[in-house]
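Spelled out, the chains give:
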Amino acid sequence: MDQTSGNKGAGRRGLAVAAAGMLPLFGIVGSARAADAAETTFDRVRRTKVLRVAALPGELPYFQKDLTTGAWSGACISMAQDIAKVFDAQLQYLDSTYGNSVLDLQSNKVDIAFALNPTPQRALSITFTHPMITHPFGCLAKKGLEPKTWSDLNKPSLTVVFDIGSLHETAARRYCPKANLVGYKTRDECTLALQSGRADAHIQAALLGLSTIGKNPSLGPYYLLSDPTVALPSCLGLQREQPDTRFKEVIDAWLDMARGTGQLREWLLDGVAKFGVTRDQIPATLTF
């Protein structure tokens, strides 16, 4: 070994000693973080008996938070409670939004995010379960207008509204391009436009439209639109964890069972009922 190699060897030994001396400062923390990062969702939920869920305030029929007690209810809360039983776990809720719930999964803040459409953009960063429901689109309309197809709205004389950046906007622009299309920041603003006569139709997915009727009975009924039928899957979002797919396999099995037995439909109908929507207000052709 030459002089340079000897110096390098001594330097390496010195660094090793220094690193060992610093273990009490950050080595243990680093090891713990590495262990946490290596632990899969399946193993962590089984170990801690805690299932972390993204919860969305004000997003009935899926979620509702009692501002007085902090208690959660809604269709997806019922689902989460049933999933927790599979793991013999307790639920832990994180207040979130549809957009933020994807980020919450990426940053390992939650284990499950409900009611997400599996868009290609989202699939770049998270994975999705089997469909929870296939969610058809339709609209609320002014009195006297009873649309059955998208072409019934595709007229220059009609003003069609939607919430900006949503799949409602995507559907409206694709199937009603001849209508006067107007976007608003929120669905509530769209509802106000329809109530005030500034809009003729408000594009909404079925469960959201029914919930709007529950809050504003005078706006009913809800119309499912066909020719074509526009329906998108709504899934549960999960962290992508290859090659360990055990957690996803359990959730998929749970979904298939709950949907096949009709339990998912009951939870969803109970969710819209919280808004006062009766079962006879639900279109006969609407299936979950």
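Residues numbered from 1 in each chain as written. Predicted model: local features only at pLDDT ≥ 70, side-chain atom pairs only at ≥ 80, totals over all residues. Heavy atoms only, no water.

Caption draft 1: Focus on the environment of Tyr-62. Relative to the elements of secondary structure, Tyr-62 occurs in the loop between strand E1 (50-55) and strand E2 (64-65). Here the alpha-carbon distance between Tyr-62 and Ile-77, two residues 15 residues apart in the chain, equals 7.1 Å. Apart from the residues lying within four places of it in its own chain, the contact partners of Tyr-62 are Ser-73, Gly-74, Ala-75, Cys-76, Ile-77, Tyr-98, Ala-115, Met-132, Ile-133, His-135, Leu-207 and Leu-268. (Helix = DSSP H or I, 4+ residues; strand = E, 2+ residues; numbered from the N terminus. Contact = heavy atoms within 4.5 Å.)

Caption draft 2: Spotlight on the pattern of salt bridges. A complete count under the given rule lists 14 salt bridges for this structure. Residues Arg-47 and Glu-39 are paired through a salt bridge, measuring 2.7 Å at the closest nitrogen-oxygen approach. For Arg-47, a relative accessible area of 53% gives the class exposed. Linking Arg-246 and Asp-244 is a salt bridge whose minimum nitrogen-to-oxygen distance equals 2.7 Å. Classification of Arg-246 by relative accessible area gives partly exposed; the value is 32%. Within this structure, Asp-43, Asp-244 and Arg-246 form a network of salt bridges that share partners. (Salt bridge = Lys/Arg side-chain N within 4 Å of Asp/Glu carboxyl O. Buried < 20%, exposed > 50% of the residue type's maximum accessible area, 1.4 Å probe, protein only.)

Caption draft 3: Representation of the confidence of the model for the protein chain in the model. Summing up the model confidence of the protein chain, the mean pLDDT is 87 and the portion of residues at 70 or higher is 87%. Below a pLDDT of 50 lies the segment residues 1-35, which in the model reaches three contacts outside its immediate sequence neighbourhood of four places, other chains included. (pLDDT = per-residue confidence, 0-100.)

Caption draft 4: Region of the structure containing the side chain of Thr-129. Inspection of the secondary structure assignment puts Thr-129 in the loop between strand E6 (127-128) and strand E7 (133-141). Judged by its relative accessible area of 6%, Thr-129 is buried.

Caption draft 5: Layout of the packing of aromatic side chains. Inspection of the entire model under this criterion finds seven aromatic pairs. With centroids separated by 5.9 Å and ring planes inclined at 45°, the aromatic side chains of Trp-72 and Tyr-93 adopt a geometry described as tilted. Of the two residues, Trp-72 sits in strand E3 (residues 72-73) while Tyr-93 sits in strand E4 (residues 90-95), which places them 21 residues apart along the sequence. Following the ring pairs from residue to residue traces out a cluster consisting of Phe-63, Trp-72, Tyr-93 and Phe-114. (Phe/Tyr/Trp six-rings, centres within 6.5 Å; stacked < 30°, edge-to-face > 60°.)

Caption draft 6: Structural detail: helix H2 (residues 41-48). Taken as a whole, H2 has its buried residues at Thr-41, Phe-42, Arg-44 and Val-45. For H2, the secondary structure elements touched by its buried residues are E1, helix H3 (75-87) and helix H9 (246-260). Where H2 ends, the next residue or the one after it, Lys-49, has phi of about 60°, a positive value.

Caption draft 7: Examining the packing of H2 against H9 more closely. Where H2 meets H9, the axes come as close as 7 Å, and the angle between the chain directions of the two elements is 75°. The pairing of H2 with H9 is recorded here as roughly perpendicular in orientation. In this structure, H2 contributes Thr-41, Phe-42, Asp-43 and Val-45 to the contact, and H9 contributes Arg-246, Phe-247 and Val-250. Taken together, the residues of the contact of H2 with H9 sort by class into four nonpolar, one polar and two charged. (Axes fitted to C-alpha atoms, helices over the stretch in contact; angles between N-to-C directions. Parallel < 35°, antiparallel > 145°, perpendicular 65-115°, else oblique. Nonpolar A, V, L, I, M, F, W, Y, C, P; charged D, E, K, R; others polar.)

Caption draft 8: The arrangement of the side chain of Asn-154 in detail. Inspection of the secondary structure assignment puts Asn-154 in the loop between E7 and strand E8 (159-163). By relative accessible area, Asn-154 is classed as buried at 19%. Aside from chain neighbours lying at most four places away, what touches Asn-154 is Tyr-175, Cys-176, Pro-177, Lys-178 and Ala-179.

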